[in-house]
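Structural overview for review
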Amino acid sequence: SQTIHQWPATLVQPVGSPLSLECTVEGTSNPNLYWYRQAAGRGLQLLFYSVGIGQISSEVPQNLSASRPQDRQFILSSKKLLLSDSGFYLCAWRRDANYEQYFGPGTRLTVT
Amino acid sequence: DAKTTQPTSMDCAEGRAANLPCNHSTISGNEYVYWYRQIHSQGPQYIIHGLKNNETNEMASLIITEDRKSSTLILPHATLRDTAVYYCIVRVSPRYNNNDMRFGAGTRLTVKP
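A quick note: this is a predicted structure, and the numbers were derived from the prediction, not measured. Position numbers for residues start from 1 in each chain and track the written sequence from start to end. The lettering of chains begins at A and the numbering of ligands begins at 1, in the order of writing. In keeping with the predicted nature of the model, local features appear solely for residues at pLDDT of at least 70, side-chain atom pairs appear and are counted solely at 80 or more, and the whole-chain, interface and lining totals rest on all residues. Hydrogens and water are ignored here; the side-chain numbers use all heavy atoms of the structure.

Attention shifts here to the interface of chain A and chain B. Contacts between the two partners involve 23 residues from chain A and, on the opposite side, 20 residues from chain B. The term buried area denotes the loss of accessible surface (1.4 Å probe radius) that occurs when two parts are joined, taken as the sum for both partners. Carbon and sulfur atoms make up 47% of the surface buried where chain A meets chain B, a total of about 1,600 Å² over both sides. For chain A, the biggest contributors to the area lost against chain B are Leu44, Glu100 and Phe103 of chain A; these three give 25% of the whole. Distance and chemistry together define a polar contact, namely a pair of N or O atoms within 3.5 Å, with one atom able to donate a hydrogen and the other to accept it when in protein, and with adjacent residues in sequence counting only for side-chain atoms on both sides. Taken together, chain A and chain B are joined by three residue pairs in polar contact (both at pLDDT 80 or more). Helix numbering and strand numbering both begin at the N terminus, where a helix is a DSSP run of H or I of at least 4 residues and a strand a DSSP run of E of at least 2. Listing elements by their share of the side of chain A that touches chain B, those giving two or more residues are β4 (32–38), β5 (44–52) and β9 (87–94) of chain A. Looking at the side of chain A that touches chain B, its residues break down into 12 nonpolar, six polar and five charged. Contacts were defined at the residue level, with two residues in contact if any of their heavy atoms lie within 4.5 Å. In this classification, Asp, Glu, Lys and Arg are treated as charged, Ala, Val, Leu, Ile, Met, Phe, Trp, Tyr, Cys and Pro as nonpolar, and every other residue, Gly included, as polar.

Residue and element names in this part refer to chain A. Its location among the elements puts Thr24 in strand β3 (residues 19–26). Along the primary structure Thr24 and Lys80 are separated by 56 residues, whereas in three dimensions their C-alpha atoms are 24 Å apart. Beyond its immediate sequence surroundings of up to four residues, Thr24 is in contact with Thr3, Ile4, His5, Trp7, Arg72 and Gln73.

With that settled, the discussion passes to the state of the cysteines. Residues and elements named next belong to chain A. Disulfides are defined as pairs of cysteine sulfur atoms found within 2.5 Å of each other. Taken as a whole and assessed by the stated rule, the structure comprises two disulfides over all chains. Bridging Cys23 to Cys91, the disulfide has an S-S length of 1.9 Å. Since a negative S-S torsion denotes a left-handed disulfide, the Cys23-Cys91 link at about -75 degrees is left-handed. Of the two residues, Cys23 sits in strand β3 while Cys91 sits in strand β9, which places them 68 residues apart along the sequence.

Backbone-to-backbone hydrogen bonds pair the strands of a sheet. The strands run either parallel or antiparallel. Residue and element names in this part refer to chain B. If you trace the five strands from one edge of the open sheet to the other, you get β1-β9-β8-β3-β4, paired in mixed fashion. Every interior strand has two partners, whereas the edge strands, β1 (9–13) and β4 (45–50), have only one. Neighbour to neighbour, the strand axes of the sheet diverge by 25 degrees on average, direction disregarded. For two strands to pair, DSSP has to find at least two bridges joining them. As paired strands, strand β3 (residues 33–38) and strand β8 (residues 84–90) are joined by six bridges and run antiparallel to one another. The angle between two axes is taken between their N-to-C directions and runs from 0 to 180 degrees, where each axis is a line fitted to C-alpha atoms and a helix contributes only its stretch in contact.

Turning our eyes to something else, we now look at unusual backbone geometry. Following Trp7 of chain A, the chain continues to Pro8 of chain A via a peptide bond in cis, the omega torsion being 0 degrees. Within the fold, Pro8 of chain A resides in the loop between β1 (3–7) and β2 (10–13). Unusually for a residue other than glycine, Asn30 of chain A sits at a positive phi of about 50 degrees. Within the element layout of this structure, Asn30 of chain A appears in the loop between β3 and β4. A positive phi is found at Arg68 of chain B, a non-glycine position, where the angle reads about 65 degrees. Position of Arg68 of chain B relative to the elements: it lies in the loop between β6 (61–64) and β7 (70–75). Arg68 of chain B gets classed as buried once you look at its relative accessible area, which sits at 8%. Only protein chains enter the calculation, and the probe is 1.4 Å; a residue is then buried if its accessible area is under 20% of its type maximum, exposed if over 50%, and partly exposed in between.

Now the structure itself:
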């Protein structure tokens with residue numbers, strides 16, 4: 001069966017510090033991968049998605065970036081965090097566009 | 001892109017059926033209706049999806065109106081563990097080359113003892 005991992009589970013970072021969140025998927029190959037952010041009490045905002053290694057599409061302009069160095073690895077990064085970057089970050093995968101999406105456990109980021 | 005409208009919140013008594021409505025009046029012919037839920041501090045969980053016909057699985061039933069402009073998710077015997085935010089999503093058109101899902105604010109369902 002397929003499993004999706006995210007780490008760390010929680011993170012507290014000062015403003016201006018860098019960020020690296022990692023997501024990996026097991027049990028499938030060439031998945032579509034997604035990064036979402038959820039601010040407190042709000043819906044999910046799609047940040048990035050990837051249909052293959054090195055292929056990244058950005059949904060919103062921001063100081064975040066994403067990379068997909070391996071087939072089942074998706075990384076969310078920032079060079080300098082802002083207070084507004086605080087939130088619950090979720091990674092998700094889908095076999096392809098015709099299948100449902102499965103979400104990881106999430107990373108709760110607090111920027112202080 | 002087809003948008004969805006859901007009530008902000010609903011209550012349901014434990015053991016009773018929970019009926020969560022969703023309006024998607026601009027849905028196009030090849031767009032599916034998906035339902036997810038998110039329990040507090042967890043990632044969203046897939047529940048069910050459908051195109052035209054009603055669907056049922058071990059978690060819920062999905063009733064789609066004949067004109068497809070609205071749907072209802074039914075949890076037949078709600079439990080306290082069903083308390084969550086429920087998202088109704090219409091899959092985005094292929095022009096995004098990804099058919100990803102856009103999550104709105106959802107309906108906060110509270111199951112009460």
